Amino acid sequence: MRITVLAGGVGAARFLRGLKAAAPRADITVIGNTGDDITLFGLRICPDLDTVMYTLGGGIDEAQGWGRAADTQTVLSELAAYGAEPGWFSLGDRDIATHLHRTSLLGAGMPLSEVTALLCRRWQPGVRLLPMSDDPVETHVVLAGDGQTIHFQEWWVRLHAQTPATGFVISGVERATPAPGVIEAITNADVVLLPPSNPVVSVGPILAVPGVAAAVRAKTVVGVSPIIGGAPVRGMADKCLAAIGVPTSAAAVGAHYGPDLLNGWLVAEEDAGADRDPGLAGVAVRAVPLLMSDPQAAAAIASAALNLARELTP
Ligand code: FO1
């Protein structure tokens with residue numbers, strides 16, 4: 001079975017770990033969001049690609065969900081001693097090695113997709129990990145009030161998404177082309193899965209790459225709600241949804257993707273009533289336990305997504 005997954009960070013990485021366990025023989029391609037990418041201290045940092053790579057490769061800091069296990073912060077504290085900015089983004093020493101290597105390969109002219117494949121040779125994530133595009137794309141946040149625009153990471157990490165936003169600009173996306181293999185992976189997939197990632201700033205930028213949404217719409221697509229009982233399972237998706245005027249509910253997020261894109265939508269048992277939402281007309285809604293409390297729970301969710309996909313495949 002060929003499965004293609006559009007992935008954000010922590011939620012997607014944990015779902016993918018479950019998917020690998022649920023479908024050990026499947027050929028899995030992961031298309032990672034690069035809208036969160038940022039250049040700091042001269043280093044190109046790709047949080048979502050790294051979170052997937054480290055999680056599936058066994059190197060993730062499990063408690064934090066991002067960054068390397070057992071990392072130290074010697075470099076960061078030396079930078080702080082120089083007063084180097086920004087002081088709000090935390091980088092571990094082991095993690096910095098990834099960014100140094102990536103940045104020097106990019107500087108030598110290697111495209112991000114090749115750099116990612118090279119980094120994955122070490123981590124052996126057991127999936128093919130592709131960035132959504134080799135072109136630089138960055139998500140910026142439009143702040144309420146003066147309409148000032150700041151990088152997504154500054155809003156998320158420094159401001160903890162507490163400063164109200166009125167929207168997001170996915171800078172560079174209209175000129176971006178899908179990375180090599182992205183459209184083929186979607187077109188050749190038996191099923192496309194949307195993990196419980198942030199629909200606005202994780203899956204949204206991938207779908208905004210020209211050609212991606214049209215390719216996805218032609219497939220059997222099953223999504224997993226990142227909202228349980230009116231609250232995000234993790235992170236601050238509620239703040240992102242509020243910024244674009246979408247209520248924080250499983251039904252509203254499903255309707256945001258829409259019946260044109262989604263064939264199946266997995267919601268938590270407490271959200272079973274989502275199937276009556278007019279915005280989900282024509283979408284097969286199934287209610288299952290959705291809390292990814294451990295790898296076994298993640299595997300059960302992935303299994304439910306695959307069963308629904310099989311049911312819906314013509
Ligand atoms: N998240 C934080 O909340 N604070 C940090 O200092 C931070 C640093 C960081 C470094 C590398 C990396 O790969 C991820 C990092 N994250 C950090 C997570 C990241 O900001 C976001 O959670 C994602 O971009 C959203 O998916």
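Residues numbered from 1 in each chain as written. Predicted model: local features only at pLDDT ≥ 70, side-chain atom pairs only at ≥ 80, totals over all residues. Heavy atoms only, no water.

A packed helix pair is summarised by two numbers, namely the angle formed by the two axes and the spacing between the axes. Between helix α2 (residues 47–57) and helix α5 (residues 112–123), the least distance of the axes is 10 Å, while the angle of their chain directions is 20°. With respect to their mutual orientation, α2 and α5 come out roughly parallel. Remark: the crossing between α2 and α5 carries right-handed chirality. Note on element contacts: α5 touches α2 through Leu112, Thr116, Leu119, Cys120 and Trp123, opposite Leu49, Met53, Tyr54 and Gly57. (Axes fitted to C-alpha atoms, helices over the stretch in contact; angles between N-to-C directions. Helix = DSSP H or I, 4+ residues; strand = E, 2+ residues; numbered from the N terminus. Parallel < 35°, antiparallel > 145°, perpendicular 65-115°, else oblique. Left-handed = near helix turned anticlockwise from the far one by under 90°. Contact = heavy atoms within 4.5 Å.)

A few words now on the sheet that holds strand β8 (residues 165–171). With respect to topology, three strands assemble into an open sheet ordered β7-β6-β8, the strand pairing being antiparallel. With one partner strand each, in any of the chains shown, β7 (149–151) and β8 form the two edges of the open sheet. Direction aside, neighbouring strands of the sheet carry axes that sit 30° apart on average. Together, β6 (138–143) and β8 form the strand contacts of helix α8 (residues 199–208), whose direction differs from that of β8 by roughly 40°. (Pairing = 2+ DSSP bridges.)

What follows is about the layout of surface pockets. In this structure, the largest pocket encloses a volume near 960 Å³. Looking at the largest pocket, it is lined by 43 residues, and the ones nearest its centre are Gly9, Val10, Trp66, Trp156 and Arg234. Residue assignment for the lining of the largest pocket shows that the elements contributing at least two residues are α1 (10–22), α2, α4 (93–107), α6 (152–158) and α8. The leading source of residues in the lining of the largest pocket is α2, at five residues. Classifying every residue of the lining of the largest pocket by side-chain character gives 24 nonpolar, 13 polar and six charged. (1 Å grid on protein atoms, 1.4 Å probe; cavity = no way out; pocket = protein on both sides within 12 Å on 5 of 7 lines; lining within 4 Å. Points joined across faces, edges and corners; volume = space filled by probe spheres on them. Nonpolar A, V, L, I, M, F, W, Y, C, P; charged D, E, K, R; others polar.)

In this section: the confidence of the model for the chain. On average, residues of the chain carry a pLDDT of 97, and 100% of them reach 70 or more. Strand β5 (residues 128–131) holds the highest mean pLDDT among the elements of the chain, 99, whereas strand β12 (residues 231–232) holds the lowest, 95. (pLDDT = per-residue confidence, 0-100.)

Our next topic: the site of the ligand. In the region of the ligand, the neighbouring residues are Asp36, Pro47, Asp48, Trp66, Trp88, Phe89, Ser90, Leu91, Asp95, Gln153, Trp156 and Val157. The separation between an oxygen atom of the ligand and a polar side-chain atom of Asp36 is 2.7 Å. Between Asp48 and the ligand, the recorded distance is 3.0 Å, taken from a side-chain N or O atom to an oxygen atom. Starting from 530 Å² of accessible surface for the ligand in isolation, the protein chains cover 85%. The cavity where the ligand resides is the largest pocket. (Near = heavy atom within 4 Å. Polar contact = N/O pair within 3.5 Å; in protein donor to acceptor, adjacent residues only side chain to side chain. Areas by Shrake-Rupley, 256 points an atom, 1.4 Å probe, with all protein chains shown as cover. Sits in = over half its atoms within 2 Å of the grid points.)

Its 13 residues give α1 an end-to-end C-alpha distance of 18 Å, which sits within 8% of 18 Å, the value for a rise of 1.5 Å per residue. Along α1, the positions that sit buried rather than exposed are Val10, Gly11, Ala12, Ala13, Phe15, Leu16, Gly18 and Leu19. The inward-facing, buried residues of α1 contact β1 (2–7), β2 (27–32), α2, β9 (191–194), β10 (221–224) and α12 (295–312). (Expected span 1.5 Å × (residues − 1). Buried < 20%, exposed > 50% of the residue type's maximum accessible area, 1.4 Å probe, protein only.)

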